Amino acid sequence: MAPPRRPAGLAFLLLLLLLGTCGFFQSYAVEVDIKDASNVTCLYAQWMMKFLIKYETNSSDYKNASLDLTPTVTHNGSICGSDTQAALLTVQFGDGHSWSINFTKNNETYRAEFITFTYNTNDTAVFPDARRQGPVTIVVKDAMHPIQLNNVFVCHHTTSFEAENVTQIFWNVTMQPFVQNGTIGKKESRCHADTPTAAPTVLPTVSNVTTASTTVSPAPTTAPKPAENPVTGNYSLKTGNKTCLLATVGLQLNVSQDKPLLINIDPKTTHADGTCGNTSATLKLNDGNRTLIDFTFIVNASTSVQKFYLREVNVTLLNHQNGSVILSADNNNFSKWDASLGNSYMCRKEQTLEINEDLQVHTFNLWVQPFLVKENKFSIAEECFADSDLNFLIPIAVGMALGFLIILVFISYIIGRRKSRTGYQSV
C-alpha cells in the first residue's frame, strides 16, 4: 500500500477577467497547480465559477446575492490524493467563503464525488441585513461520469448545480486529479455540452441584448409576439415521496433592452427544483443552464380565510457558452395568483408579470398549487378574473342567441297566423 502523499505547495495564478455581463458582474479565472513532496504536479485545475444565493433578511423578505471569486484566494487543505486517499481541491476566498471538490479513483478511471460550498452571511457586502448569521454549507453530489486516468476533463460550456437556494455556476473548466509523472494528459474527455452532437442552443450574446455600458435603453412601446405561444410544461416538487407543489404553465420572457428579445421556455429541457414549506414555497426552473426562473409563494395569514399568493419572481439569463450573466432581475412586491389555502389557482388566458422596465414574464395556461397538495392532484381551482369574465360572457352569448331564435320563431308564428286568417276570410 502506497503511503498517502502529504499536501505540498500550491501556486495560484489569478487573472482579473471582466465578463460580458451588461456591466453588472465580475468574476476571476483561477489556475491551480498542486505539487507533491517531490515538487511534481499531482492535481491541475483551471476554471471559472460564480454563485447565485437567495437568503432571508431580518424583515422576513428574501433577497438575491451574487457571489464571485475574489482576487485573493487561498488553498488550505488541498491534497494530492493516492490509491487509498481521495484527492481534494479546496479554495477559500472573500470574507469566510470556501469551495471544494474531492476526487476518487480506481485502477482505470477517476471521478468527482462531492462539491462542498460554504458561504458566510456575516459578509455584509454580499448579504446585507441577513437574518441568519454565520457560515452556511451546501453539499452537492457531483454527477460527473468516470474519466479515464491520465485524461484531462474539459468543459467550456456552462454547468450548474442547484440546492438549498444556491445555484453554483461553472464554465471554462479544465481539471485533472491524480496526474501521472507530473505531466498533464494530452487527451481530453469533454463534457456532454461540449460535444458536437449536443448542438446547444445559445442565447444571444451580450451585444444584441444590451451594451457593456451601464446605460439602459428605454423599453420600446411595443414588442412583437412570436408566431407561437410557448409549450405548456408540467412541473412538481416533492418532500420525500409526497408531492408538495404542482404547476402547469407556458412561459415566455420579453427582454426589452436595445432590441426586443423573446424567449420561450422549453419544458423538455427545463429542470424543476425548489423548496416547500408551511408558509412559503419556491419553484426554481432551470432551462438548460441558460435561463433560471424562481417563483416564490407565501401564505397570507392576516385575513379571515388563509390565502396564498405569488410574492416574488427572479430571472437570470446566462450566456450558455461562457456562463456570463446577460441579465439578472427580480421583483419581490407581487400580490398575484391568490387563492384560498388548500385550493389551486388557474388562469388560462395570457398574463404578464412586470419584473422591471427591461423584463417581462408572460404566462399561458397557468394552473398552480404551492401548498397542501393531496394525492398528487390539483385541488379545486379558483379562476382568474379574465377566465371568469370569459365564462360569464359565454352563457350570455348563448342566451342572447337563444332569445333571438325564440323571437324569430314567434314572429314567424304571428305572420303564419295572419296569413291563415286572411285565407279563411277570402273563402
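Nothing here was measured: the structure is a model prediction, and the numbers come from that model.

Visitor: Before we move on, could you go through the overall build of the protein and cite the residues and values that matter?
Guide: When helices and strands are tallied, the protein shows 1 helix and 27 strands. Put simply, 58% of the contacts in the protein that link residues at least 6 apart link residues at least 24 apart. Total accessible area on the protein stands at roughly 21,700 Å², and carbon and sulfur atoms take up 54% of it.

Visitor: For empty space enclosed by the protein, give the residues involved together with the corresponding values.
Guide: The full count for this structure, using the stated rule, is 1 cavity of 30 Å³ or more. Sorting the residues of the lining of the largest cavity by element identifies strand E16 (242-255), strand E19 (280-287), strand E20 (291-300) and strand E26 (359-369) as the ones contributing at least two each. Per-element tally for the lining of the largest cavity: the top contributor is E16, with 3 residues.

Visitor: Describe the state of the cysteines, naming the residues involved and giving the relevant values.
Guide: Under the criterion given, the structure shown has 4 disulfides. The partner cysteine of Cys42 in its disulfide is Cys80, sulfur to sulfur 2.0 Å. A torsion of -60° about the S-S bond marks the disulfide between Cys42 and Cys80 as left-handed. Residue Cys42 is found in strand E3 (residues 41-56), and its partner Cys80 is found in the loop between strand E5 (73-74) and strand E6 (87-93); the two are separated by 38 residues along the sequence.

Visitor: So what's going on with the packing of aromatic side chains? Residues and values would help.
Guide: This structure, assessed with the given rule, holds 14 aromatic pairs. Ring geometry for Tyr55 versus Phe127: centroids 5.3 Å apart, planes at 85°, classification edge-to-face. Here Tyr55 is found in strand E3, whereas its partner Phe127 is found in the loop between strand E8 (109-120) and strand E9 (135-141), with 72 residues between them in sequence. A residue is classified by how much of its surface remains accessible, and Tyr55, at 6% relative accessible area, is buried. Under the relative-accessibility criterion, Phe127 is labelled buried at 1%. Between Trp337 and Tyr345, the ring centres sit 6.4 Å apart and the planes meet at 15°, which makes this aromatic pair stacked.

Visitor: Lay out the pattern of salt bridges with the relevant residues and their values.
Guide: Summed over all chains, the structure comprises 11 salt bridges. In this structure, Lys105 and Asp83 form a salt bridge, with 2.8 Å as the shortest nitrogen-oxygen distance. Highlighted residues: Lys105 in strand E7 (residues 97-105) and Asp83 in the loop between E5 and E6, separated in sequence by 22 residues. Classification of Asp83 as exposed rests on a relative accessible area of 58%. Between Asp338 and Lys307 there is a salt bridge, with the nearest N and O atoms lying 4.0 Å from each other. Placement of Asp338 in strand E23 (residues 336-340) and of Lys307 in strand E21 (residues 307-318) is noted, with a sequence separation of 31 residues between them.

Visitor: Outline the side chain of Thr243, supporting the account with residue identities and numerical values.
Guide: Examined against the element boundaries, Thr243 turns out to sit in strand E16. Accessibility expressed as a relative area gives 5% for Thr243, which makes it buried. For Thr243, the residues in contact, after removing those within four places along its chain, are Ser236, Leu237, Lys238, Val373 and Asn376.

Visitor: Any details on unusual backbone geometry? Residues and values, ideally.
Guide: We note that Ser60 has phi near 70°; this positive angle belongs to a residue other than glycine. Assignment of secondary structure puts Ser60 in the loop between E3 and strand E4 (62-68). A positive phi angle, close to 50°, is found at Asn172, a residue other than glycine. Taking relative accessible area as the criterion, Asn172 reaches 30% and is therefore assigned partly exposed.

Visitor: Tell me what's going on with the nonpolar core, and back it up with residues and numbers.
Guide: Buried together is how nonpolar side chains tend to be arranged in soluble globular proteins. Membership of the largest hydrophobic core comes to 47 residues, with the highest contact counts inside it found for Trp47, Leu89, Trp99, Phe103, Phe117 and Tyr119. Among residues more than four places away in sequence, those in contact with Leu89 are Val32, Ile34, Leu43, Ala45, Trp47, Ser78, Trp99, Ser100, Ile101 and Met175. Leu245, Ile265, Ile293 and Phe308 belong to the second-largest nonpolar core, a separate cluster that totals 40 residues.

Visitor: Please provide a residue-by-residue account of the pairing of E19, values included.
Guide: Both faces of the sheet carry side chains from a regular strand, because those side chains alternate between them. E19 sits mainly inside the fold: 7 of its 8 residues count as buried. Pairing of strand E18 (residues 270-275) with E19, which is carried by 6 bridges, proceeds in the antiparallel orientation. Bridging across to E19, Thr270 finds its partner in Asp287. Relative to E20, E19 runs antiparallel, the two being bridged by 8 bridges. Across the sheet, residue Ala281 finds its bridge partner in E20, namely Phe297.

Visitor: Mind laying out a nonpolar patch on the surface, listing which residues take part and the relevant values?
Guide: On the surface, Leu402, Phe404, Leu405, Leu408 and Val409 cluster together to form a nonpolar patch covering roughly 490 Å² of accessible area. Here Leu408 shows up in helix H1 (residues 385-426). With relative accessibility at 39%, the residue Leu408 sits in the partly exposed group.

Visitor: So what's going on with the environment of Asn332? Residues and values would help.
Guide: Turning to its location among the elements, Asn332 is positioned in the loop between strand E22 (325-331) and E23. Judged by its relative accessible area of 29%, Asn332 falls in the partly exposed class. Sequence-distant contacts of Asn332, defined by excluding residues within four places in its chain, comprise Tyr62, Arg311 and Glu312.

Visitor: Which residues make up the confidence of the model for the protein, and what are the values?
Guide: Mean pLDDT for the protein: 79, with 78% of residues reaching 70 or above. The low-confidence segment residues 1-26 (pLDDT under 50) makes 76 contacts with residues lying over four places distant or belonging to another chain. Taken as a whole, residues 389-393 scores under 50 in pLDDT and shows 2 contacts with residues more than four places along the chain or in a different chain.

Visitor: Please give an account of the side chain of Asn314 that cites residues and values.
Guide: Residue position: Asn314 is located in strand E21. Assessed through its relative accessible area of 5%, Asn314 is described here as buried. Among the polar contacts listed, one links the side chain of Asn314 to the side chain of Asn64, at a separation of 2.5 Å. A polar contact is formed between the side chain of Asn314 and the side chain of Glu312, at a distance of 3.4 Å.

What counts as what
Residues numbered from 1 in each chain as written. Predicted model: local features only at pLDDT ≥ 70, side-chain atom pairs only at ≥ 80, totals over all residues. Heavy atoms only, no water. Helix = DSSP H or I, 4+ residues; strand = E, 2+ residues; numbered from the N terminus. Contact = heavy atoms within 4.5 Å. Areas by Shrake-Rupley, 256 points an atom, 1.4 Å probe, with all protein chains shown as cover. 1 Å grid on protein atoms, 1.4 Å probe; cavity = no way out; pocket = protein on both sides within 12 Å on 5 of 7 lines; lining within 4 Å. Points joined across faces, edges and corners; volume = space filled by probe spheres on them. Disulfide = S-S within 2.5 Å. Phe/Tyr/Trp six-rings, centres within 6.5 Å; stacked < 30°, edge-to-face > 60°. Buried < 20%, exposed > 50% of the residue type's maximum accessible area, 1.4 Å probe, protein only. Salt bridge = Lys/Arg side-chain N within 4 Å of Asp/Glu carboxyl O. Core = buried A, V, L, I, M, F, W, Y, C linked by side-chain atoms within 4.5 Å. Pairing = 2+ DSSP bridges. Patch = residues over 30% accessible without salt bridge, like charges linked within 9 Å, V, L, I, M, F, W, Y side chains within 5 Å. pLDDT = per-residue confidence, 0-100. Polar contact = N/O pair within 3.5 Å; in protein donor to acceptor, adjacent residues only side chain to side chain.

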